[in-house]
Every structure is written in structure tokens, then in C-alpha cells.
Number of protein chains: 2
Amino acid sequence: MRGFSYFIKHFHGSPSSSKLLILLSISGGGLVAYADSPVDSRSNYSKSTNVEPKKKRILVLGTGWAGTSFLKDLDISSYDVQVVSPRNYFAFTPLLPSVTCGTVEARSIVEPVRNIIKKRNGEIKYWEAECLKIDPASKKVFCKANLDEALVGSNYFSLNYDYLVIALGARVNTFNTPGVLEFCHFIKEVEDAQKIRITVIDRFEKAVLPDLTEEERRINLHFVIVGGGPTGCEFAAELHDFIYEDLVKLYPSVKDLIKITLIQSGDHILNTFDERISTFAEQKFRRDGIEVLTGCRVLSVTESSINIKHKSTKELSSVSHGMVVWSTGVGTRPVVMDFMEKVGQTDRRALATDEWLRVKGCEDVYALGDCATIDQRKIMEDISSIFKAADVDNSGTLTIEEFRQVMEDMIIRYPQLDLYCKSKHLLELTDIFKDSKGNVRAEVDLKGFRRALAHVDSQTKSLPATAQVAAQQGAYLSRCFNRWDRCKSNPEGPLLFDKSGRHEFRPFLYKHLGQFAPLGGEQAAAELPGDWVSMGRSTQWLWYSVYLSKQVSWRTRVLVVSDWTRRYVFGRDSSRV
Amino acid sequence: MRGFSYFIKHFHGSPSSSKLLILLSISGGGLVAYADSPVDSRSNYSKSTNVEPKKKRILVLGTGWAGTSFLKDLDISSYDVQVVSPRNYFAFTPLLPSVTCGTVEARSIVEPVRNIIKKRNGEIKYWEAECLKIDPASKKVFCKANLDEALVGSNYFSLNYDYLVIALGARVNTFNTPGVLEFCHFIKEVEDAQKIRITVIDRFEKAVLPDLTEEERRINLHFVIVGGGPTGCEFAAELHDFIYEDLVKLYPSVKDLIKITLIQSGDHILNTFDERISTFAEQKFRRDGIEVLTGCRVLSVTESSINIKHKSTKELSSVSHGMVVWSTGVGTRPVVMDFMEKVGQTDRRALATDEWLRVKGCEDVYALGDCATIDQRKIMEDISSIFKAADVDNSGTLTIEEFRQVMEDMIIRYPQLDLYCKSKHLLELTDIFKDSKGNVRAEVDLKGFRRALAHVDSQTKSLPATAQVAAQQGAYLSRCFNRWDRCKSNPEGPLLFDKSGRHEFRPFLYKHLGQFAPLGGEQAAAELPGDWVSMGRSTQWLWYSVYLSKQVSWRTRVLVVSDWTRRYVFGRDSSRV
């Protein structure tokens, strides 16, 4: 009997080898070594202007995780590919907190987009520019290069597309808190991290100036972090290590005046992690002298103070600070907001796509990464069609055998069904038909079917705004584009319940490979697939090897290792450059 | 017979081992390894506030070559040392041209001042601030930290000193050419080099944008360098290598539109070097396609063009450019200018000091490095005193034997005498007394003495504004401070000709250890002591080893080597970070 768990396994085991990642990572990995193929220095780039006009034009906006991962595997022989992004490099953002304190240098985590392009034989055209406006009606994108206006030649240009891939990422979310944009630092771009590094050193230089009172020195050395998510916590840990491993030796006169405060609105920091990790992190931070304020909302930030409301006691307080780093959630970029209005998506945080990453409300536009969310189709919306499609003998009732025929397709089309069964600890999907006494019913009618699946949609989960999701989406979408012709004639997706035939592609399915929370002092916590929780020094080594394996090129891999080694031997540099 | 050459040798051989530098350098050198002594992490810094009040206070302004080299060897047990500099690091400036193109990273050539201080057990106090005003009357210096004004605590403070060491360096010299400050780049500070690197990449990104005409692309890719000295030439060579070894592979569509022009006002580039080197460099640049315009004066610079006058033909021309790097000579910083006025030194380029580096016109102030020039005492000003001091029998005439008694002191006090003898190819200093027919005269009177030495002062040379001079001056001055007490009772300087006794110290004497001119493509030229000229690949390796040996710490030494290696393996990075 082919049971539910078989399907699950079958589906999860295919089509990628991504489960091998953690193992491979220890050997230094070659999964993302696409940038390492031999360099072809011939001028292939200029040839691309003579490209056959029949090729469909794909325009990719953004070179972050989603965009780069899409470009990485795209079969460029079938498409004319153009890329626009204001950053001419791909940044390995999970190491940004390390850059803020000089554990890793900014340059070690970036790889030029053109390098990636060059190594794919130059068939992709890239322009360093910002996308100002997307016009889906005329299939046009308007761009502006962020270059010196005084230079000859216009910075404005427009591009036509046949398919548009929006991978613009998100901007920081201030929740409209007054003063955040003006007075806070962020950990979003490489420049942000560099600015934080200089600011920390500035605060120490300020604090040791003559003629300051002790209170003034204290305020300058009060570092506040808002947001107890993985980034905020990692930054707090990095900052603590930077200060207590390196800076106190150089500024010993003020070493007792330093304070780090972490403000979290929830009841615990790292609340997307397992509770054991939250607790471990809070205990570690407390031991390290990092003040953790949970259940606090930031009302406003000024240049020298931050105003807080303690949720439980409703108490208001104001704290003087030398620097605030804001690290809470993601917001929508203006160009995406503008586009959302055009396609009739308003009052949303991100672009809604279907499960195939197609933007809802317009043709030939795809969105992935932090700027998009997948609007998972509810099983209840299609319940009648599913019932009808499954009831092959048109008896008005569904037997278990009939249900079994559509089960695999249902799980692919509605992944919440899988999650629901797991949450109910059902061994087989057919157990869903058991009555309240636990007896298996031979058949159900539409009403019974509807009742059995009534709570499935409550398990619909939106994906987090992480590099992992974006990278998987990019890889998924390039696979779809690469197999377009083949899948048109041999669709491989689930059944179309409302009519005959199948979807061309399987919908995107996110495979969570786990997440890390480095906590400083060579300790880290990790949540790995299968609810495996790991904490301590060995986890930090796992973190090193996973992050190393995921580097985009051998160049950055070597640089990151040499940075880590340098930090061990010489400590972090405190020069203000 | 103790001859002239003996004195020369004797004098040149003492007191330092600096001649060993080039040899030592090949072994990786430990000459400047003072920053490598074991780290003492105890809080010695805070102890220094309880320092005995009897110690004289030395205030050092600047942490460049002169200031750092002074601090490096100063005996801190005898003085209370304070340091003020707007840069909290020492930068190895000879590698700045390498930083402009990413051959070496900025962070690899800097060492935090506090690191240097820490390793000297923290007895030096350092503040990151700019010196605004020096008041020699009240022995006070007024400073301002360049930190965010919004921070609590004043950025302004003043410091008292007993001895002041001015090592503020120079600023760029625009020769009042209009537009230079607004539209040119410089190679003076680390930030300048970083800005140049980003600008070069920007110009390439601009040149490949759609919708530009070929002429517009060409203008954006026209890089102009003004100044054919060692820095200008090295930058031209670096830029050429960056472009043709790395960037053309990433921007192949515009590779035929790139142009580099080097503008030199003199008739040859590298005109402070041996003629063979000038010629070699010009030929190499021509082969590389770098246009060298000699005998051209820049009249003005605008944001898109540079106006030139060809000196010989008086012809005027205007050239469109994408970027201009200005690298010509050194100018005076405002704070130094203001101080010069206070001590009665006007219409000068730099602070005049005597041969002991004491600023003329005020007490207890020393100046060294690019902000100062030594006003060499003329032999003719003292000719009567010398004659009188030498004429021990008061006969009114000087015998060769009598002259021989003061010869050593004269050479020490007036180094131009040494240069004069060399220029005249005299074997012995006493040959100066030969009459026009070459016969040795037994004795001379004052008139004859004056006539014999009449042209000596024409050999007085001012020192170039180089790192080598600054470093030697810093080391010299710290030796003087360290031996102050001893030399007061046992003066070791030359005779005071106008009265009895001796100078406390020998005057500063510059020992030229040679200079390098890297010309790109793994070729360099070098002028080494003894008129030894070396050119080609082996010289580049000599350059590598010398520059490596001169690094200020093992940290920077390791970083520079790893940068060079990285460049060999992966090329230079073109990410705009």
C-alpha cells in the first residue's frame, strides 16, 4: 500500500540534492562553485549584441540571493538575459553581522555580478542601475544609474522584456516609528555594516576624549539593538566580542562604562527558534552582561535617546544611547509598492504570487525573494472540484481508493495538507476520514469530505524572508524556465482539479534546511531539520563549515577563511578606514 | 693621515644600522617590528593618569611617518607623552597607489595608533582629533575631534605641553589651479585611494550603460593623471594593470575605448630619478599605450575637461575626461600656516627648523616630516668664527694641520662641504686649499679661506618630502630626547665655532637609501645608494621585499602578502564596496 508517508518521502527526496548540503559543506562544498569554471577571456560579451532576435528576453531586477540564484542555473542558450541592480556585486548577507565588527571584511563576502556573468560566457547583460518604475502594460522597465550626474551621457534608460523576474528584496521596516530612519543604523546592505563598524570605533574615540564627564562617556558607550531576531542577536554577540576581545585592550580607561542593550518586543529573543535555543541565548547574553529587555516596544528614537514602552506594566521609559541598530523585519521598496498598485495589489507588505512565483494580476512577471510572498491556494476554495475530480464513478461519494488516486496531487498542490497531517500525528493521509471514534469510514460524501478537510488550511504558512527561501525560489524558477518547452508537452505538475490535464510545473516547495544563531564567544545555536537542536562550540564549527560551503566563489571562500584566521591571530582591526 | 674620505666613511657608518635595511628587508626584516612585542592586556593606560607630575610633557601632533617613527623609539619612562591625530591609525603611504586599484586592501596598510601604544605598555595617551591652533606663547594646543556633533560631550579640548613635536604632514598642492580641489582626486590619504577605486569602477559602469554614444563612452573612460613624479607614475601603472589585467575581462564591450593620459610639466617623467629610469619609464608607458604629455601645464580643470598649455609651442588645448587624479607636490596645512605666522615665518612653504629640527623663532617646538624644512646654516655666515676657532695660535693664518683639527666638526655642522668635495671630485678635504695651479698651499689667511670655501654653500640641498626623510627625522628626534640628560653633560655634537664648547647633539643628517618606481606589469625601476640603477622584473621583487620589510607590524605584513597572493590567484576585485 502506497501510504502518505511514501509520498512525502518521495516528494521530499526529489528533485534536488539540497539535503546533502550540510554534509557537503564540511568538505568545503562545491554546490555553488559555478563561478569557478575556467575563465574565458574572449570578448563574448560584445557578441551578445548580435544575438538571434527570436530569443525571449528575460529581465532580472536585483542581484541578491533570489536574482543571483536564478541567474546561476538559467540555461542562457534559450533566453536573452538582462540584469539590472544598483549593486554590481552579490553579497553573502548572512555574514553581514560579522562585517559590522570586522570579523570578516566587507570585500570578502561580495562577488562582482560581472564575474559571475563572465564565467557563464558573457551571455548575460548587466547594468548597475536602480529600477525606478515597472510598466507591465507596455512590458517596459525604467531605470536610473546611481552615478555622478556631472558625467557625460544619460543615467536614465528603459528596457523591454518578455519575462520579468522581480527580485528586488526588501527595505528595512521601521513600523513608522519616529526617528528610526534618521538616527538608527541598519544591517541590510554592505555599506550599512561598514558604517556600523566606523560608528562603534567613533564612539570609543569620543568616550576617551579629555574633558568629558563619566556620564557622557557612559552614554557614548551605550549600544542599543532593537530587534531580537537572528540578525539582531548575532550583531549583539559580534559587538560584545569585538568590544571585550579587542577594544577594551585599546581603550582600557573606559572598559567599565560600556553597555549593550537588546530590546525585543516579544517575550523572548530568537522566538522563531526552538524554546531551548531562546533560553540558551538569553542565559548566554545575561552571563555576557548584555541587557535583554523583552516585551518592550520602541515608541520613538532621537539622536541621543530611545523611548520605550514596557508592554506588561505600560510603563514608559527613556534611555540615552550612543548608537542604535534597528533590526526588525522587512518593508516594501517604493518601486515594488508602485508596481503593486498597478497590478491591483494594495494594502499588502509584499507582492503576492501564486505557487509558481507568478505575480497575481499580470502576465509574464515573476517575483521572488523578500519582495514577494506566495499566496497559497486554500484547499477549501477548490473542495468541490477536488471532490468531483476524485469521484471518478460519479457516485456522489468518495471511497478511500478514489481518494488515494488524487492524494499525491493534492499534497503537491496544497502543501498545508502535509503539515496538517503532521500536526495531527496521522500516519496516513487516509486517516483523515476516520470518524470521531477512530473508525475508518468506507466512503464520504462532499459534506463529509469538506468536514474532514475543514481545518487543513489553518496550517498554511507564509515563508520567512530569509536567504534560504530566496535562493531556493531562484533555483526553482530557473529550473522552470529551463524546462519550459519540455513541460509544455509533458506537464509534470499536479492535476488541474477544475478541468482536465495537469499543471506544467510542480509548484514551488520550500525545504527548510535549518537555521543558525551565532551567540558569540565561539558558541552558536542551530535548529536543523528533524527538530534537531544543537548548541555550543561544536555548533559554531558547524556554522563555520556551512557558511563556508555556501560561499558563492572560491575567491570569497578563501577570503573568508583568511579573515577568520586573521581574527584568531591578530584580533579585529580598529582603524577607522 | 686621516683623510677626508675617512671622515665621510666614519660619519656615514655611524650611528645607525640603516644601511643594512635593503639586505635585512629580503629576510622579511624586523627593523620596524616594535609593534610585535607581547601584548600586555593589563590596564596600563588608566594607570598613566597617576603619572608623576615631574615628567616633562611631550605633545606629538600627527601619526604619519614622522610622528609614528618618533613615538616608536621614544623612551617613555622619561616623558609624559600625548598624541593628537585625526587618523587613529598609521598608514603605510608608499602602498597607497596599490590601494587605489585594489592590489592591496586599505586595511592591510594601516595599523591602529592604539595598537602601537598598547604594545609600548600604554604610557602614551592618544586622542583622535584635529589640531586647530598652536599657541607657542602659552604652550597650548587647541584640538577638535571630528566626531558627530550630536553626541553628548564636547569635541573641543586643549592640551598643554613642555615640548611640542609638529608632524602634521602636508596637504595637496594645487598651485592655485582653478577646479583642482573641486574636480580632482588625490593620493594623499587612505580615503582618497578608496574613492579613486570606486570612481574607476563607476566610470566603467557608466560607460557600458545603454543609450550612450561611443564618444560619451570614450570620455567616461579617459583617465588623466597630472604629475609625473613617483606617485603619479605608480598610479598610472597600477591603473593600467587594473584595467588591462582585470576590468577588460568584465567590460569587454568597451575595451577599445579606454585611454590613460599622464601630464607632466617637466620635460621628462620621474625627473628626480636617474635619466636611464626616466627613459625606461617613458618607453614602458608608451608600449603600454599610456599617453605621456611632457612639458604641459594644466591651466584649469572642470568637471568634464582639463585645459592644458603646451610650454614649448604655447599652444592651448582642452581634453575631455572621466576622471582626473592630481599628484603634484605638497602644500601647507592651514594650522601650520597659522603657526608660521605666529613665529614670524611668512611666505614659506613649510616650517623652517634648524638642523636639530627645532622650529626657528620659538622655544621647545620641533617640526619634522612634510610640514617642515631644515634651513641649513650657510658656511659663509660663520666663516670668520670658524677661522678664528681653527686658528689656535692666533697667527692670522691657518695651516693645513690647524684646518684638519676642525675639519670633522665642519663636515658635521655643514654637510654641504661634503657634497661640495664630492662634486669637485676632491680626494681629501685639504685639497680645497690647492691654488689654481694645483699646488698645496702651506697656509691661508681669512681672505684665502673665504675664497676656498666660497662655493660650498651652493651645494646646500633641501630634503624631498618623502616617507624616508620623515621616518629618519622621527627616529633622530627620539634619539635626541632619549639622550638629552646624557648629552647635556657630555655633548656629542660638533664644535660651537662662535664660542667654546660643543653642540649637545649632532645635527640631523639624511641618509638616502634609494627610491623605487613601480612601473606596472611586474616591472619596477630603482635608484639605490652608490648610483646603482636597477630596472625590470627583479627590481619588482626587490620592491616587494623592501616594502614588506618596512611594514609597521606583522599583522600588516601578513595582510599585504596575502593581498598580493590573492591578486595573483583571483585578480583585483571590482565590486563597488
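Residues numbered from 1 in each chain as written. Chains lettered and ligands numbered in written order. Predicted model: local features only at pLDDT ≥ 70, side-chain atom pairs only at ≥ 80, totals over all residues. Heavy atoms only, no water.

Visitor: If you had to explain the overall build of chain A to someone new, which residues and values would you point to?
Guide: Looking only at helices and strands, chain A features 20 helices and 27 strands. Its C-alpha atoms give chain A a radius of gyration of 26 Å, within 12% of the compact-globule value 25 Å for 577 residues. Taken along its principal axes, the extent of the C-alpha atoms in chain A is 90 × 70 × 45 Å. Expressed as a percentage of its 577 residues, the buried residues of chain A come to 59%. For chain A, the share of sequence-separated contacts (at least 6 apart) that also reach a separation of at least 24 residues comes to 65%. Here chain A contributes 76 positive and 72 negative side-chain charges, whose respective centroids are spaced 2 Å apart. (Helix = DSSP H or I, 4+ residues; strand = E, 2+ residues; numbered from the N terminus. Rg over C-alpha atoms; globule rule 2.2 N^0.38 Å. Buried < 20%, exposed > 50% of the residue type's maximum accessible area, 1.4 Å probe, protein only. Contact = heavy atoms within 4.5 Å. Lys, Arg positive; Asp, Glu negative; His and termini not counted. Charge placed at Lys NZ, Arg CZ, Asp CG, Glu CD.)

Visitor: Describe the relation of the copies chain A and chain B, with residues and values.
Guide: After a rotation of 180° and a shift along the axis of 0.0 Å, chain A superposes on chain B with an RMSD of 0.1 Å. Overall, the copies show the geometry of a two-fold rotation axis. Minimal C-alpha separation from the rotation axis in chain A is found for A:Ser562, amounting to 4.3 Å. The fraction of interface residues of chain A whose copies in chain B are also interface residues reaches 98%, indicating that both copies meet through the same surface. (Least-squares fit on C-alpha atoms with pLDDT ≥ 70 in both.)

Visitor: Which residues make up the sheet that holds strand S12 (residues 222-226) of chain B, and what are the values?
Guide: All names here are of chain B. If you walk across this open sheet you meet the 5 strands as S11-S18-S12-S13-S14, and the pairing is parallel. Each edge of the sheet is formed by a strand with only one pairing partner; in this case those strands are strand S11 (184-186) and strand S14 (290-293). The sheet shows a mean angle of 25° between the axes of neighbouring strands, taken without regard to direction. Looking at chain direction, S11 and strand S18 (residues 323-326) are connected through 3 bridges and run parallel. Within S18, the residue paired with Cys-184 across the bridge is Val-324. Its contacts with the sheet put helix H10 (residues 230-250) on S12, strand S13 (259-263), S14 and S18, and the angle it makes with S13 is roughly 175°. The sheet contacts of helix H11 (residues 275-288) involve S13 and S14, and relative to S14 the element is tilted by about 135°. (Pairing = 2+ DSSP bridges. Axes fitted to C-alpha atoms, helices over the stretch in contact; angles between N-to-C directions.)

Visitor: Lay out the domain arrangement of chain A with the relevant residues and their values.
Guide: By the assigned domains, chain A splits into domain 1 (1-170 + 332-376 + 460-499), domain 2 (180-331 + 513-570) and domain 3 (379-459). Put simply, the middle of domain 2 of chain A and the middle of domain 3 of chain A, counted by C-alpha atoms, are 47 Å apart. (Domains from an automatic or database assignment.)

Visitor: I'd like to hear about the nonpolar core, residue by residue, with values.
Guide: Residue and element names in this part refer to chain B. Ranked by internal contacts, the top residues of the largest apolar core, which has 104 residues, are Phe-204, Phe-285 and Phe-481. Looking at which element gives the most residues to this core, the answer is H10, with 10 residues. Taken domain by domain, the makeup of this core includes at least three residues from each of domain 1 (1-170 + 332-376 + 460-499) and domain 2 (180-331 + 513-570). Apart from the residues within four sequence positions on either side, Phe-285 is in contact with Cys-233, Ala-236, Ala-237, Leu-262, Ile-269, Ile-290, Val-292 and Leu-519. (Core = buried A, V, L, I, M, F, W, Y, C linked by side-chain atoms within 4.5 Å.)

Visitor: So, helix H17 (residues 467-482) of chain B: which residues are in play, and what are the values?
Guide: Under the 1.5 Å per step criterion, the end-to-end length of H17(B) is 22 Å for 16 residues, consistent within 8% with the ideal 22 Å. The buried fraction of H17(B) amounts to 13 of the 16 residues, a majority that puts the element mostly inside the structure. (Expected span 1.5 Å × (residues − 1).)

Visitor: Describe the interface of chain A and chain B, and please don't skip the residues or the numbers.
Guide: In this assembly, 66 residues from chain A lie in contact with 65 residues from chain B. Interface of chain A and chain B: buried area, both sides summed, is about 5900 Å²; carbon and sulfur atoms make up 63% of it. Counting across the chain A and chain B interface gives 8 salt bridges. Between B:Asp573 and A:Arg107 there is a salt bridge, and its shortest N-O distance comes to 3.0 Å. No other element matches helix H8 (residues 190-207) of chain A, which puts 9 residues into the side of chain A that touches chain B. (Buried area = accessible area lost by both parts, 1.4 Å probe. Salt bridge = Lys/Arg side-chain N within 4 Å of Asp/Glu carboxyl O.)

Visitor: Give me the pattern of salt bridges: which residues, what numbers.
Guide: Applying the stated criterion across every chain yields a total of 66 salt bridges over all chains. Among the ionic pairs, B:Arg107 bridges to A:Glu105, the shortest N-O distance being 3.1 Å. In this pair, B:Arg107 is assigned in the loop between helix H5 (96-100) and strand S4 (110-112) and A:Glu105 in the loop between helix H5 (96-100) and strand S4 (110-112), connecting two distinct chains. The pair formed by B:Arg107 and A:Glu105 is uniform in burial state, with each residue classed as buried. For A:Arg555, the salt bridge is made with B:Asp573, and the minimal N-O distance between the two is 3.8 Å. Here A:Arg555 is found in helix H20 (residues 554-570), whereas its partner B:Asp573 is found in the segment after helix H20 (554-570) on a different chain. In this pair, the class of A:Arg555 matches that of B:Asp573, namely buried. Each member of the salt-bridge network shares a partner with another, and the members are A:Glu105, A:Arg197, A:Asp563, A:Arg566, A:Asp573, B:Arg107, B:Glu111 and B:Arg555.

Visitor: Hey, could you go over the pairing of strand S7 (residues 140-144) of chain B for me, with residue numbers and the actual values?
Guide: Residues and elements named next belong to chain B. In the sheet, strand S6 (residues 130-135) pairs with S7 via 5 bridges, with the strands oriented antiparallel. Of the residues in S7, the one forming a bridge with Lys-133 is Phe-142. In this structure, the hairpin formed by S6 and S7 is closed by a connection of 4 residues, where Lys-139 is found at a positive phi of approximately 50°. In this structure, S7 lies alongside strand S8 (residues 156-160), joined through 5 bridges in antiparallel fashion. Counterpart to Lys-140 in the pairing with S8 is Asn-160.

Visitor: With reference to specific residues and values, describe the environment of A:Leu181.
Guide: Tracing the chain through its elements places A:Leu181 in helix H7 (residues 180-183). When near neighbours in sequence (up to four residues on either side) are disregarded, A:Leu181 contacts A:Val172, A:Thr174 and A:Phe186.

Visitor: Got a sec to walk through the packing of aromatic side chains? Specific residues and values, please.
Guide: All names here are of chain A. According to the stated counting rule, one finds 46 aromatic pairs over all chains in the structure shown. Ring plane angle 20° and centroid distance 6.1 Å describe the contact between Phe-204 and Phe-223, whose orientation is recorded as stacked. Remark: Phe-223 occurs in strand S12 (residues 222-226) and Phe-204 occurs in helix H8; sequence separation between them is 19 residues. Taken individually, Phe-204 and Phe-223 each receive the classification buried, so the pair is uniform in this respect. (Phe/Tyr/Trp six-rings, centres within 6.5 Å; stacked < 30°, edge-to-face > 60°.)

Visitor: Please provide a residue-by-residue account of a nonpolar patch on the surface, values included.
Guide: A surface patch of nonpolar side chains, amounting to about 370 Å² of accessible area, comprises A:Trp541, A:Tyr568 and A:Val569. Within the secondary structure, A:Trp541 sits in helix H19 (residues 537-549). (Patch = residues over 30% accessible without salt bridge, like charges linked within 9 Å, V, L, I, M, F, W, Y side chains within 5 Å. Areas by Shrake-Rupley, 256 points an atom, 1.4 Å probe, with all protein chains shown as cover.)

Visitor: I'd like a description of the UniProt feature "domain: EF-hand" (unreviewed entry) in chain A, backed by residues and values.
Guide: As recorded in UniProt, the feature "domain: EF-hand" (unreviewed entry) lies at residues 378-413 of chain A. Taken end to end, residues 378-413 of chain A has its terminal C-alpha atoms 10 Å apart, with 61% of it in helix and 8% in strand. (UniProt positions renumbered as here; feature names shortened; annotations may be inferred.)

Visitor: Give me unusual backbone geometry: which residues, what numbers.
Guide: Residues and elements named next belong to chain A. One non-glycine residue with positive phi stands out, namely Asn-176, at about 55°. Position of Asn-176 among the secondary structure elements: in the loop between strand S10 (171-172) and H7. In this structure Asn-176 comes out as exposed when scored by relative accessible area, which is 73%. For Leu-270, which is not glycine, the phi torsion reads 50° and is therefore positive. Assignment of secondary structure puts Leu-270 in the loop between strand S13 (259-263) and helix H11 (275-288). The class of Leu-270 is buried, set by a relative accessible area of 0%.

Visitor: Please give an account of the pairing of strand S26 (residues 523-528) of chain A that cites residues and values.
Guide: Residues and elements named next belong to chain A. Among the 6 residues that make up S26, 6 are buried, leaving the element largely enclosed by the rest of the structure. Residues Gln-523, Ala-525 and Glu-527 point to one face of S26 and Ala-524, Ala-526 and Leu-528 to the other, with burial holding for every one of them. Turn length for the strand S25 (residues 515-520)-S26 hairpin, with the two strands adjacent in sequence and antiparallel, is 2 residues, and the turn residue Gly-521 shows positive phi of about 60°. Here S26 pairs with strand S27 (residues 532-536) via 5 bridges, running antiparallel. Residue pairing in the sheet places Ala-524 in a bridge with Gly-536 of S27. As consecutive antiparallel partners, S26 and S27 are separated by 3 residues, and within that stretch Gly-530 has a phi angle of approximately 80°, a positive value.

Visitor: Break down the side chain of A:Ser327 for me, citing the residues and quoting the values.
Guide: All names here are of chain A. Topologically, Ser-327 is positioned in the loop between strand S18 (323-326) and strand S19 (330-331). Looking at Ser-327, its side chain comes within polar contact range of the main-chain nitrogen of Gly-232, at 3.3 Å. Residue contacts for Ser-327: discarding those within four places in its chain leaves Val-226, Gly-227, Thr-231 and Gly-232. (Polar contact = N/O pair within 3.5 Å; in protein donor to acceptor, adjacent residues only side chain to side chain.)

Visitor: Outline the packing of H8(A) against helix H10 (residues 230-250) of chain A, supporting the account with residue identities and numerical values.
Guide: Relative orientation and spacing of two packed helices are given, respectively, by the angle between their axes and the distance between those axes. Residues and elements named next belong to chain A. Contact pair H8 / H10: the axes reach a minimum separation of 12 Å and the direction vectors enclose 45°. Taken together, the axes of H8 and H10 are oblique relative to one another. The element H8 and its partner H10 pack so that their crossing is right-handed. For the pair H8 and H10, the contacting residues are Ile-196, Val-200, Ile-201 and Phe-204 in the first and Phe-235, Leu-239, Phe-242, Ile-243 and Leu-247 in the second. Per-class residue counts for the contact of H8 with H10 are 9 nonpolar, no polar and no charged. (Parallel < 35°, antiparallel > 145°, perpendicular 65-115°, else oblique. Left-handed = near helix turned anticlockwise from the far one by under 90°. Nonpolar A, V, L, I, M, F, W, Y, C, P; charged D, E, K, R; others polar.)

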